[in-house]
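Chain by chain, the residues:
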Amino acid sequence: MLDPSSSEEESGDEVLEQERRDVLLAGSQRSLPAQRRDSRNERRSGTARPASPSPAVISEKEKEDQDRLQREEDERRTRLQIYVFVLRCIAYPFNAKQPTDMSRRQQKLNRQQLLTIKERFQAFLSGETQIVADEAFCNAIRSYFEVFLKSDRVARLVQSGGCSANDFREVFKKNIEKRVRSLPEIDGLSKETVLSSWIAKFDAIYRGEEDLRKQLPRMHLNAVSELILSKEQLYEMFQHILGVKKFEHQLLYNACQNGQSASARQEGLDKDLCTEQLEMAAFLRMACVREHTEPLWWGTQGDFTTTHPLPVVKVKLFTESTGVLALEDKELGKVVLYPTPNSPKSPELHKMIVPKNSQDSELRIKLAVRMDKPPNTKHCGYLYALGQKVWKRWKRRYFVLVQVSQYTFAMCSYREKKSEPQELMQLEGYTVDYTDPQPGLTGGQAFFNAVKEGDTVVFASDDDQDRNIWMQAMCRATGQSYKPVAPTLAQKHNFKGGNLHTDVPMSQLNSERTQKLGMDGFIAADPCKCMHTALFQVLQKQTLQHRMNDSFSCLGWFSPGQVFVLDEYCARYGVRGCHRHLCYLKELTEYAENSAVIDPTLLHYSFAFCASHVHGNRPDGIGTVTTEEKEQFEDIKSRLLSLLENQIVHFRYCFPFGRPEGALKATLSLLERVLMKDISTPVLPDDMKKVIRKCLEKAALINYSRLTEYAKIEDTMNQAAPAKKLEDVMRLGELCIEVLQQNEEHHSEVMNAFAWWPEIMAEHAEIFWSLYAVDMDASLEAQPQDSWDSFPLFQLLNNYLRNDTLLCNGKFHKHLQDYFIPLVIRYIDLMESSIAQSIHRGFEQETWQPVKTITNNLPNVPLPKVPSLPLNLPQIPSFSAPSWMAPLYANTLCGMRLADLFNGSTTSEDLFWKLDALQMFVCDLHWPEPEFAQHLEQRLKLMASDMVEASVKRTRIAFDAKMQKASKSTDYRISPSVCTMFNVLMDAKKQCTKLCVLDAGQEFGKQWQQYHSKIDDLIEEAFKEMISLLVSKFVAVLEGVLAKLSRYDEGTLFSSILSFTVKAAAKYVDVPNPGMDLADTYITFVRQNQDILRDKVIEDMYIEKLFDQWYTSSMKAICVWLTDRLDLQLHMYQLKTLIRIVKKSYRDFRLQSVLEGTLNNKTYETVYNRLTVEEATVSVTDGSGLQGISMRDSDEEEG
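Quick notes on the rules
Residues numbered from 1 in each chain as written. Predicted model: local features only at pLDDT ≥ 70, side-chain atom pairs only at ≥ 80, totals over all residues. Heavy atoms only, no water. Core = buried A, V, L, I, M, F, W, Y, C linked by side-chain atoms within 4.5 Å. Buried < 20%, exposed > 50% of the residue type's maximum accessible area, 1.4 Å probe, protein only. Helix = DSSP H or I, 4+ residues; strand = E, 2+ residues; numbered from the N terminus. Contact = heavy atoms within 4.5 Å. Salt bridge = Lys/Arg side-chain N within 4 Å of Asp/Glu carboxyl O. Phe/Tyr/Trp six-rings, centres within 6.5 Å; stacked < 30°, edge-to-face > 60°. Lys NZ or Arg CZ within 6 Å of the ring centre and 35° of its normal. Pairing = 2+ DSSP bridges. Axes fitted to C-alpha atoms, helices over the stretch in contact; angles between N-to-C directions. Parallel < 35°, antiparallel > 145°, perpendicular 65-115°, else oblique. Left-handed = near helix turned anticlockwise from the far one by under 90°. Nonpolar A, V, L, I, M, F, W, Y, C, P; charged D, E, K, R; others polar.

Let's talk about the nonpolar core
Grouped burial of nonpolar side chains is what soluble globular proteins tend to show. Membership of the largest hydrophobic core comes to 131 residues, with the highest contact counts inside it found for Trp-769, Tyr-772, Phe-982, Leu-1030, Tyr-1082, Ile-1118 and Leu-1171. Broken down by element, the residue count for this core peaks at 15 residues, all from helix α35 (residues 1006–1045). Leave out the neighbours within four places in its chain, and Tyr-772 touches Tyr-704, Val-729, Leu-732, Gly-733, Cys-736, Leu-793, Leu-797 and Phe-812. One finds Phe-85, Met-548, Ile-598 and Met-688 within the second-largest nonpolar core, a separate group that totals 85 residues.

As structure tokens, this is what we get:
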């Protein structure tokens, strides 16, 4: 049911008070005593009686109390008079009906519900609920909780009564739409599905543990009552609105019903007084049994049942006849009893009716009669009754109060020996109360009545005790909240004397009672003589107050039932539409000025209606206005203009998060209408923009002031350390960005109605940022020289400003750039000097040991921000991975080659990391001015090119020095430092394409292209030279092996001695094959160096080039050695050694991916042919052969 609202307000408006009193004087046709009227005139005129020294004179406080009581009484009488007119509007509407096309209003939230909602969302974030959600949804809920639910603006909106659960849901939906749209596409899962799932989970969190099925019926009933109301509901609503008591309503309603029939007939209305009939017989029936006819003896008990609430019991006394011829017993007497459940249960003497000629005329019998009532009978007894629809004659009847069902009761009257009620009345909707003795009614001593709209039933009992019992039983049956109070002793008697008429109609009794209680004046008031303008103003004010205090977030809109009554009142009693809307505008404006949430669209509708009357150009061509209405319109217009300007100044707090939806847009539209001079001449856009611009200037100051209060930085800005000041300014900058983003997100609909709105908001943002610039400059000036901790502040602000087309390169953005340009240049200068020093000193002390390469293996990991680098130190320490990279690096070890992790040198990796970090830093700045951004990029690319070139040259010099010190024996193994030098060049080549190449689209001229090509040529030339030096070293080792084989040349003395010694020793012991150790040593040398290169050099392309040259050079060296001995036959041991070296080399290099074309080149074919011929010659001349060593692949050889 609708909540009642207070209808008693004290008002200091003397004019309105006098109007109310005049209405009462005209409506009730009563005159106040002359003395009271004189005193009231004196108060109205402002003259006060001179104070009298006599103590009998009433004090000022008592006068005030009397005046207050008099005002309250006048207001009460005014409300009663209004209620009489409202009753007629509801009962017999002529002109209006309840609208069915009004928007449904949502249930409003209160502070306790907001607190509960916060607790539910906090419980979800703490993991205390059973709702399963992913990380993205949890982040969305956390943002919603921190930004929206914990906002003071939302708390104020809830307190003002303008927030509903639908608003909470819509804000969340708007927030997640942007999040979900930014997520990458997932196969098989649409973004609409994600949105629906998130909304469902949000609803589950919002409801908490409540069962939605239990809430649905209640919400449904509220929705129905919001749309359409029955007459009984309308009566009850306006009783609450006007503060009319229940019994007052019943008296007025009944009196109006009695006097309404004539007027209804005159107006052609048929009175519908249908009454529900309830069949009670089924509930009053008892089980019927046969009549008890068996005789009873003295001292015995007879039990029987009956279906009659008022039975008749006949008892006869017989004496037994002893005569032989006697056919029946002799009757001594009889008695007729009328028992009821209230009859005495103790034995009593009853006088019997004796037969004629009986000698014992005073015969009495002692009987105890007890009648038990059924469970559904709550009370019964004799009462006098008189009603309009039932019991229309005043007479004594037997009544039974029957409980039909759990909540249904009925009063039934019965006759003797009847099982069906003669008449009955259902008690639902009736109110039972004590009443005074009714004149003109005889019978009964204690009176009470039951009153309902359109019906009054008067009852009377024989004594007060019986009446009290009936009152208690009937009050419980009706379930009424009103507790009747028994009348005083002076009222406990029936009126004596006069002519008593038992056929007095009930309408006359109601009229007499109404007159006695002072209601006759309100009912008899002539509507044509009442000031309905003042009465309607009171009615509309009280109705709006009730509407604003009910459970719906109405925003000032009346409910359909209220609109119906107000429309009917205006049409019925001639209240002007202009006056109605002027009063409505005035009340709504007062509510809005007191921080209540009022729909601007509603204000716009009422203002346009009044303006069309005042300016005289209504669409229907008919419009009139009084002088008083015109003056009121101008006054309301000025107040409304001030209100709208104040709301625009405080738009973040009047319409937080865009709630109510579209409120700011409607406010601007209303302001445009208010600024119009008449209804047909539109306001100029420049004039509108001027007003808005002025409001938003104030809004910028208010928003920034409240933001600094929220951030609490005013105190720290004066006394805090520089680092603390910078931290506070960064936090304040984040809040400023959040405020402007919220303004754009939640009030973007304004742009659809006003094309100039983005421009005005950009000016508002510039003023907002100018206020922030004062605090920012003070914080930056406090920072020490060459401190780079302020760069994140630039990145934060610039990333927001550069993405806003209206703020990019604006006034504040230019100011920000002007401050940071010298800082960026100074930073790059120091970095360039520091990197140059690190190259010079690093290569001087370089050990060429490989280090872990982080930047190549973690391309998606953001590098540390530049402020963490020690740029202000003259010497930069050796490279070391940041602590946050350690776990990521550990995860990269699995499944990676050693060369992928241990390749570059300490100096080179430090150089490349610093160059990359510096360029990443400048790139992350996203400098908004294209010319300066291009200058920074070109400078860093040139610096990187110079640094890479210096690194390559220093590496080339160190490689030459390393090769000069290397050994030429087969014991030589490539050192890790040599592999590191190769890797340094390879890293330089890779990093050059990243660090030294301009972005696509930039044209730097042929000079830059030539400069970059020069660096590439330098790296390629260094590679070729280093590969050539290394291959030369490998060939030198082979030449040493061939030099040892030269000692076996045919015709030399050393060859003959070696051959003889071997043959002589072979007769006694097993002599190993000469030359196999030499071949195996060389093959081991080749294989181990191949493995070292393959494992520690990171670039396969250059390794393959090295292997190609190595193989080709080795074959050439062997070919040259064989060519020098064309005329000589190879010694058997020379042949066996060369065959082993050539075959193993061929197979090993083939395993190292040397191409077939390179392996089978002409040099190899020459060597292969020569060794094959020599092998055939040996097999002919020496029967033992080569002992299994052959150039054929099918031959078996030792490992």
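Past the structure itself, the notes keep going.
Overview of the pattern of salt bridges
One pass over the full model with this rule turns up 31 salt bridges. For the salt bridge of Arg-547 with Asp-550, the shortest nitrogen-to-oxygen distance reads 2.9 Å. Residues joined by salt bridges that share partners form a network here, namely Glu-73, Arg-76 and Glu-248.

Notes on the environment of Cys-530
Residue placement: Cys-530 occurs in the loop between α15 (520–524) and α16 (532–548). Along the backbone, Cys-530 and Gln-81 are 449 residues apart, and their C-alpha atoms lie at a distance of 9.6 Å.

Points about the packing of aromatic side chains
Following the criterion strictly, the structure yields 58 aromatic pairs and no others. Measuring from ring centre to ring centre gives 5.0 Å for Trp-769 and Phe-812, while their planes differ by 10°; the resulting arrangement is stacked. Of this pair, Trp-769 sits in helix α27 (residues 757–781) while Phe-812 sits in helix α29 (residues 811–844), and the two are 43 residues apart along the sequence. Measuring from ring centre to ring centre gives 5.8 Å for Phe-843 and Trp-848, while their planes differ by 40°; the resulting arrangement is tilted. Judged by its relative accessible area of 8%, Phe-843 falls in the buried class. The exposure class of Trp-848 is buried, given its relative accessible area of 8%. Three or more aromatic residues link up through ring pairs in this structure, and these residues are Phe-121, Phe-124, Phe-137, Tyr-144, Phe-148, Phe-168, Phe-172, Trp-198, Phe-202, Tyr-206 and Phe-657. One Lys or Arg, Lys-201, reaches over the ring of Phe-137 and ends 5.6 Å from the middle of that ring.

A word on the environment of Ile-141
Structurally, the position occupied by Ile-141 is in helix α5 (residues 135–149). Accessibility expressed as a relative area gives 0% for Ile-141, which makes it buried. Placed 64 residues apart in sequence, Ile-141 and Ile-205 show a C-alpha to C-alpha distance of 9.8 Å. For Ile-141, the contacting residues outside a window of four places in its chain are Phe-121, Phe-124, Leu-125, Phe-172, Phe-202 and Ile-205.

Here we look at the pairing of strand β5 (residues 377–386)
With eight of 10 residues buried, β5 is to be regarded as a mostly interior element. Looking at chain direction, β5 and strand β6 (residues 395–403) are connected through eight bridges and run antiparallel. Residue pairing for β6: Gly-381 is matched across the bridge by Phe-399. Two elements, β5 and strand β11 (residues 455–461), share three bridges in a ladder whose sense is antiparallel. Within β11, the residue paired with Tyr-384 across the bridge is Ala-460.

Quick look at the packing of α16 against helix α18 (residues 577–593)
Two elements in contact, α16 and α18, have axes whose closest approach is 10 Å; the angle formed by their N-to-C orientations is 40°. Between α16 and α18, the angle falls in the class oblique. The chirality of how α16 crosses α18 is right-handed. Counting all contacts with α16, which are made through Thr-533, Phe-536, Gln-537, Gln-540, Lys-541, Leu-544, Gln-545 and Met-548, the residues of α18 involved are His-579, Arg-580, Cys-583, Tyr-584, Lys-586, Glu-587, Leu-588 and Tyr-591. Along the lines of polarity and charge, the residues of the contact of α16 with α18 split into seven nonpolar, five polar and four charged.

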